[in-house]
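Notes for the structure review
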Amino acid sequence: MEDEEIEKKVLAYLKKKGFLQTELALQEELGRLLSSPHPDVPRPESGALRYQDGYSKLRSWAYSSLDLYKHELLRVLYPVFIHCFMDLVAAGYMQEARTFFHTFREDHDLMHLRDLQKLEGVLSPQHLEEMELARSLRQSKVNIKLCEYSYDLLLQYLQKTQALTMLGIINEHINFQVSPGQPTSISEDADVVSLMGSSHKIAKQINQKEVHWGLLEDSLEERLERSHSDSEKVEGENKEVDPDENKKRSTEGGKQGVPVKKLKKDKVVGTLGKNVRSETSTVSMAPRVKAELTLPVMPTEAEQSILEDLRNRVQLSSLALPSVSFYTFVNTHNGLNCSAISHDGSLVAGGFSDSSLKVWDVSKIGQASKTFNTQGEGEASQNELLLGSDDGKRSYTLFQGHTGPVYSATFCPLGEFLLSSSSDSTIRLWSTKLNSNLVCYKGHNYPVWDVQFSPVGHYFASCSHDRTARVWSMDKIKPLRIMAGHLSDVDCIQWHPNCNYISTGSSDKTVRLWDVQSGECVRIFIGHRGMVLSLAMSPDGRYMASGDEDGTIMVWDLSTGRCVSPLMGHSSCVWTLAFSCEGTVLSSGSADNTVKLWDVTASMKPLRIDDNKTGGTINRLRLLKVLPTKSTPVYTLQFSRRNLLFAAGALSKC
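Residues numbered from 1 in each chain as written. Predicted model: local features only at pLDDT ≥ 70, side-chain atom pairs only at ≥ 80, totals over all residues. Heavy atoms only, no water.

If you check an unreviewed UniProt entry, the protein appears there as Transcription initiation factor TFIID subunit 5 protein from Dioscorea alata.

So this is what it looks like as structure tokens:
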């Protein structure tokens, strides 16, 4: 028997026995064999046309579906589109692949522009093997969430139209998570499509490791909590012991002219403050863990100063938003790359493209350059302090030493040291008291995008274009740990409050959590659809927020490795994130010229079933306030220990 007769017999047998899926798979395999290029066998013209024809029909069907299910079915188009393109390239149909790519590209430009720009450079089958993005897409599956009815509609279409090429791509490259009930909302599109496969399996294994997310034992916050609880006990005992004496004092106070209204007001404020504290503060409830690093001893004076700030801390909530002090860099001529603010807000630093680092002492800047703008009804105020107008005299301290643009700067907790990183692959330590460079740290092989001091000082972490993150100590010129695992640039880095972990955000669209002691990756967070540009840790160490180039913010639970709540509201890159000191408010600064304040406590609560039916996606955002800066992109956000929010940015339009 000839091959064609054998194939017909096998297909007839499968059809007779009811093995429909196997029959379709065999037909797909036969179609691929016919379309595969061979030096001695002429390629049939239909091999390339079936991709364009199959995708065009699938696209038309998805766009003409019912509005209730259309947005879910449209999610299938992007992975089918890129795999049709890559299959055509792999088969050698270069001209047909380019035509297909440019014909249907505009459907996906809005959500996947960066990936499409990379794939546009694929000009031969060899490029598919060399490009990391193409390799990961070919080797992995895309995980897509659909409701049960949308999934049934898709299957019915594929079986009814006998779209074997599209069916083969979907079977090989897409994994569906089918959920009962109503379709997911359009606003959740960023959270329902994710890459899986080898990377997903690795992430699943890594995320099973245990993470100790609590705070350090005997921290300053813990001492303050203990002193508060002790004072409350003493007050309670005094009330129980001598209530008559308290009554006598109140009457005597009235006789001596002490305003009774003031006493009542103080009582109300105290009660309100206590309620806010008990309801919103999660720091006191966080478990305590031991430090894996040898921590430096804090000077007594500095410790007393921090404790004083903590005692005078304003308790923030959705009803009590922070005051905002905004610093604007003017006349930078697009030369400002980064900014940093000290923890007390007294020093502001800027890193520039001319390899210089400049530090302003806010207390010494003239009052003439200070303007005040009050936004809202007293809820949050924005003080604009213009940096750069020095009236002929230098109002800043100039630090020179780098030989390339400065991309990051960070102050130590007490403000006496400043770190900067540059495209010259080095990190430099500066003294703000001596106004000089102390150490030059060399270890990275490419530009260093970010550097951050640890919460206790002495240690710092850096990340680079060389795809690694490194942990350093001030007294050693070589790194203590090297964290490698990201597939692309590591763009941002952040310490955990207990100093046992660091988190890194990368251009590979993932966030990783690393154990500082072992150097191992203990969490991989997958879900972003653009490069991750900013990170922030909650004060209790349980949650982490990450912002990407698309303007999406994701809040992650470190213990489970899952996304608690995506926060969507920015229209451009999220450059910076900061949690308030008790973790109730998250602030985000963006290139869309706004600072946004989010209600973190409400965002952590699970959605009710009724929310999906009654527009619960609006409530899910929990956006408390938007502070526009007119034409100033926000580079840096920093909460002081007293919960005053400092922000900095460069004026883009003068």
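So, about the overall build of the protein. The secondary structure content of the protein amounts to 19 helices and 34 strands. The buried share of the protein, reckoned over its 654 residues, is 50%. Summarising the internal contacts of the protein: among those between residues at least 6 apart in sequence, 58% fall at separations of at least 24. (Helix = DSSP H or I, 4+ residues; strand = E, 2+ residues; numbered from the N terminus. Buried < 20%, exposed > 50% of the residue type's maximum accessible area, 1.4 Å probe, protein only. Contact = heavy atoms within 4.5 Å.)

Next up on the list: the confidence of the model for the protein. Chain-level statistics for the protein give a pLDDT mean of 79 and a share of 77% at 70 or above. Long-range and interchain partners of residues 38-45, a stretch whose pLDDT sits below 50, account for six contacts in this model, where long-range means more than four residues apart. Between residues 607-619, whose pLDDT stays under 50, and residues either more than four places distant or in other chains, the model counts seven contacts. (pLDDT = per-residue confidence, 0-100.)

What follows deals with the sheet that holds strand β32 (residues 623-628). Reading across from one edge, β29-β30-β31-β32 is the order of the four strands in this open sheet, with antiparallel pairing throughout. In this open sheet, the two edge strands, each paired with only one partner strand, are β29 (574-579) and β32. In this sheet, adjacent strand axes meet at a mean angle of 15° when their direction is disregarded. Bridge count between strand β31 (residues 594-599) and β32: five bridges; the pairing is antiparallel. Bridge pairing in β32 places Val 595 opposite Leu 627. (Pairing = 2+ DSSP bridges. Axes fitted to C-alpha atoms, helices over the stretch in contact; angles between N-to-C directions.)

Right, let's talk about the sheet that holds strand β8 (residues 347-352) for a bit. Strand order in this open sheet of four strands is β7-β8-β9-β12, and the pairing throughout is antiparallel. The strands lining the two open edges of the sheet, one partner per strand, are β7 (336-341) and β12 (396-400). With direction set aside, neighbouring strand axes in the sheet form an average angle of 20°. Relative to strand β9 (residues 356-361), β8 is paired through five bridges, and the arrangement is antiparallel. In the sheet register, Gly 351 faces β9, and the bridge partner there is Leu 357.

Position of Gln 177 relative to the elements: it lies in strand β2 (residues 174-179). Residues Gln 177 and Lys 145, spaced 32 residues apart in sequence, show a C-alpha to C-alpha distance of 4.6 Å. In this structure, Gln 177 is in contact with Asn 143, Ile 144, Lys 145 and Leu 146, ignoring residues within four places of it in sequence.

This brings us to the side chain of His 444. Counting through the fold element by element, His 444 comes out in the loop between β16 (436-442) and β17 (448-453). Within the structure, His 444 has its side chain in polar contact with the side chain of Asp 466 (distance 3.1 Å). With residues near it in sequence (within four places) discarded, His 444 still touches Ser 425, Ile 427, Ser 462, Cys 463, Ser 464, Asp 466, Thr 468, Arg 470 and Trp 472. (Polar contact = N/O pair within 3.5 Å; in protein donor to acceptor, adjacent residues only side chain to side chain.)

Turning our attention to helix α7 (residues 109-119). All of the buried residues along α7 are His 112, Asp 115, Leu 116 and Leu 119. Take α7 and look down its axis: the buried residues cluster within an arc of 105°, on one side only. Residues of α7 that are buried in the fold lie against α5 (77-90), α6 (94-104) and α9 (132-139). (Arc of directions from axis to C-beta.)

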